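# Remarks on the overall topology
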Amino acid sequence: MENLSEKHLKVSAIKNGTVLDHIPAEQLFRVLDILKLRDCKNQITIGFNLDSKQYGKKGIIKIAEKFFEDDELNYIALIAPKATVNIIKDFVVVEKKLLSIPESVIGAIKCANPVCVTNHEKIQTSFRTTVKDGEVLLKCHFCEKSTSNKEIQIVTNNR
Amino acid sequence: MPKSLISIHDFSKEEILHILEIAAEFEKNKSQNILAGKVIACIFFEPSTRTRLSFETASNRLGARVIGFSDTGNTSITKGESLKDTIKMVSNYVDLIVMRHPLEGASRYASEIASVPVVNAGDGANQHPSQTLLDLYSIKQTQGKLNDLKINMVGDLKYGRTVHSLLQAMSHFSPNFVFTSPDELMLPSEYKEWLDGKGIPYTETRQLSDHLNDSDIIYMTRVQQERFTDLMEYEKVKNFYRLEKSMLDNVKPNMKILHPLPRLNEISTDVDDTKYAYFYKQAENGMYVRMAIIAYLLGYK
């Protein structure tokens, strides 16, 4: 078990909750959106543009007292597939979750087709995913058009 | 949720063949009062001539009554009523809804909130399954079969939804495709990959003359101005092909020319009186096929 309460931590440790690490810095705010954390009332500490061997600059998000469903966490795989998820109990990492591309994505992202009905009426979006040449394609249940994970836009309340 | 017809994928091969069989029955006996007492809504949020009139005629010939609107100008939609509320209300009035809408996916959405079957009569550039079924019906009628035919699709293969749906539906019947289009309007790669995956052979060409003489069906399409955002682009390609009588001297005797209509200049009027022209009959077939779709979805055939 790894102890996170070491003194060189740049973002303070949490007692219980979820830590999302190794997020490419430019995806940090999209990860916040895809997990709908703008509306979250829990204590959240965010590290942005931290030095990272892997990315140069990375982001880290620590959400106290919150534990996500695997389906929700897997949405992160669409925009930050190498992110890591640690579950913290009593300052200790008790579980590391592996992200996998979800089979379906409900409500979290916008359809890229401007004439899709979901962009004009209040309708929860719905996609099926397929992986082709390392790229994730999301096929809209309604307009049947595919959106690449490279161009996805996340549904936010202030869109 | 009652069975709807939104996309051609909603029908299995067996269901497609079943619809074609019932349509043939309706062609022999054009008025059958099997839906007396039923009410069908034809709600068209976007203009149409053939599709709306043929659905309405089909409903009438089955003995049903028709309500609806053909543009949104004098409906509550202009007051900002949502699609959801419109569909919820209409589906409480009627036994089946036929709808056309400019937004893609609108019909799928409607079918999920309506309490009655929904027939998609076109949702933007996405799907128009009754057109696909009438195309299949016309192909079968002219060739006596659906299997092992060479189908040459000509014109706007990029935006033409009839082309995309027809090639998917034909994939059940081991076809051989020719795609004739200008470079700007070639078939999108997703469809070619889909055909590759199914092992269906196809060739692509820019020249209309290349495969006139070895095709069983020439499926002409209009370059649809309404799908272009760049009008310069449209001007470049709108008159790219023109099929004329003089080009038909060496075609196969069984060859027939189909076109979903409306046509502009892509088929010269001198073709109309040749034995190869089939597009007027094809439009007529739309009525029988739509009778079949309605009767099937309401459980009468």
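Residues numbered from 1 in each chain as written. Chains lettered and ligands numbered in written order. Predicted model: local features only at pLDDT ≥ 70, side-chain atom pairs only at ≥ 80, totals over all residues.

## Regarding the overall build of chain A
- Along chain A, the regular secondary structure elements total three helices and 11 strands.
- Taken against the 2.2 N^0.38 rule, which gives 15 Å for 159 residues, the C-alpha radius of gyration of chain A at 16 Å falls within 12% of a compact globule.
- Overall, the C-alpha framework of chain A stretches about 50 × 35 × 25 Å when taken along its three principal axes.
- Residue burial in chain A is summarised as follows: out of 159 residues, 31% are buried.
- When contacts within chain A are restricted to residue pairs at least 6 apart in sequence, those whose partners lie at least 24 apart make up 64%. (Helix = DSSP H or I, 4+ residues; strand = E, 2+ residues; numbered from the N terminus. Rg over C-alpha atoms; globule rule 2.2 N^0.38 Å. Buried ≥ 20, exposed ≤ 12 C-beta atoms within 10 Å, placed from the backbone. Contact = placed C-beta atoms within 7 Å.)

## A short note on the interface of chain B and chain A
- The partner chain A presents 14 residues to the 12 residues of chain B that form the contact.
- Those elements giving two or more residues to the side of chain B that touches chain A turn out to be helix H3 (83-93) and helix H4 (106-113) of chain B.
- Looking at the side of chain B that touches chain A, the element that brings in the most residues is H4 of chain B, giving three residues.
- Grouping the amino acids of the side of chain B that touches chain A by side-chain chemistry returns four nonpolar, five polar and three charged. (Nonpolar A, V, L, I, M, F, W, Y, C, P; charged D, E, K, R; others polar.)

## So, the environment of Leu96 of chain B
Residues and elements named next belong to chain B.
- With respect to the helices and strands, Leu96 occurs in strand E3 (residues 96-101).
- Look at Leu96 and you get buried, because 24 C-beta atoms sit within 10 Å.
- Along the primary structure Leu96 and Val118 are separated by 22 residues, whereas in three dimensions their C-alpha atoms are 6.1 Å apart.

## Comments concerning the packing of H3 of chain B against H4 of chain B
Residue and element names in this part refer to chain B.
- The contact between H3 and H4 brings their axes to 9 Å, and the two run at 50 degrees. Here H3 is positioned oblique relative to H4, judged by the angle of their axes. Where H3 crosses over H4, the two elements pack in a sense that is right-handed. Contacts between H3 and H4 pair Leu83, Lys84, Ile87 and Lys88 from the former with Ala106, Tyr109, Ala110 and Ile113 from the latter. (Axes fitted to C-alpha atoms, helices over the stretch in contact; angles between N-to-C directions. Parallel < 35°, antiparallel > 145°, perpendicular 65-115°, else oblique. Left-handed = near helix turned anticlockwise from the far one by under 90°.)

## Here's the deal with the sheet that holds strand E5 (residues 92-97) of chain A
All names here are of chain A.
- Across the sheet, five strands lie side by side as E2-E3-E1-E4-E5; this open sheet has antiparallel pairing. Taken across any chain shown, the strands that pair with only one partner, and hence form the sheet edges, are strand E2 (44-52) and E5. Within the sheet, the average angular offset between the axes of one strand and its neighbour, ignoring direction, is 20 degrees.
- When E2 meets strand E3 (residues 56-64), the two strands line up antiparallel, connected through seven bridges. Looking across to E3, one finds that Gly47 is bridged to Ile60. (Pairing = 2+ DSSP bridges.)

## Section: the sheet that holds strand E10 (residues 146-148) of chain A
Residues and elements named next belong to chain A.
- The four strands lie next to each other as E6-E8-E9-E10, forming an open sheet whose pairing is antiparallel. The open sheet has two edge strands with one neighbour each: strand E6 (104-106) and E10. Pairwise comparison of adjacent strand axes, ignoring direction, gives a mean angle of 30 degrees for this sheet.
- In this sheet, strand E8 (residues 126-132) lies alongside E6 in antiparallel orientation, the contact comprising three bridges. Note on E8: the bridge partner recorded for Ile106 is Ser126.

## Here's the deal with the nonpolar core
- Formed by 121 residues in total, the largest nonpolar core has its most connected members in Val31 of chain A together with Ile97, Ile257, Met291 and Ile294 of chain B.
- At 11 residues, helix H9 (residues 279-297) of chain B tops the list of elements feeding residues into this core.
- Residues within four places of Ile257 of chain B in sequence aside, it is in contact with Ile218, Met220, Leu243, Ile267, Val271, Tyr276, Ala277, Tyr278 and Phe279 of chain B. (Core = buried A, V, L, I, M, F, W, Y, C linked by C-beta atoms within 7 Å.)

## Digging into the confidence of the model for chain B
- Within chain B, residue pLDDT values average 94, and 100% of them lie at 70 or more.
- If you check the scores for this complex, the pTM reads 0.88 and the ipTM reads 0.88. (pLDDT = per-residue confidence, 0-100.)

## Re the domain arrangement of chain B
Residue and element names in this part refer to chain B.
- For chain B, the domain assignment lists domain 1 (8-128 + 286-297) and domain 2 (130-283).
- The straight-line distance from the C-alpha centre of domain 1 to that of domain 2 is 25 Å.
- Elements supplying a minimum of two residues to the side of domain 1 that touches domain 2: helix H1 (13-28), strand E4 (118-123) and H9.
- Of all the elements, H1 adds the most residues to the side of domain 1 that touches domain 2, at five residues.
- In terms of residue class, the side of domain 1 that touches domain 2 is made up of 10 nonpolar, four polar and three charged. (Domains from an automatic or database assignment.)

## Some points on helix H5 (residues 129-143) of chain B
All names here are of chain B.
- Given a rise of 1.5 Å per residue, 15 residues ought to cover 21 Å, and the 21 Å separating the end C-alpha atoms of H5 matches this to within 8%.
- Burial of H5 is extensive: 13 of the 15 residues sit out of reach of the surface.
- In the segment just after H5, Gly144 is the residue with positive phi, at about 75 degrees. (Expected span 1.5 Å × (residues − 1).)

## Quick word on H4 of chain B
- Summarising burial for H4 of chain B: six of the eight residues are buried, a large majority.
- Where H4 of chain B is buried, its residues meet H3, E3 and E4 of chain B.

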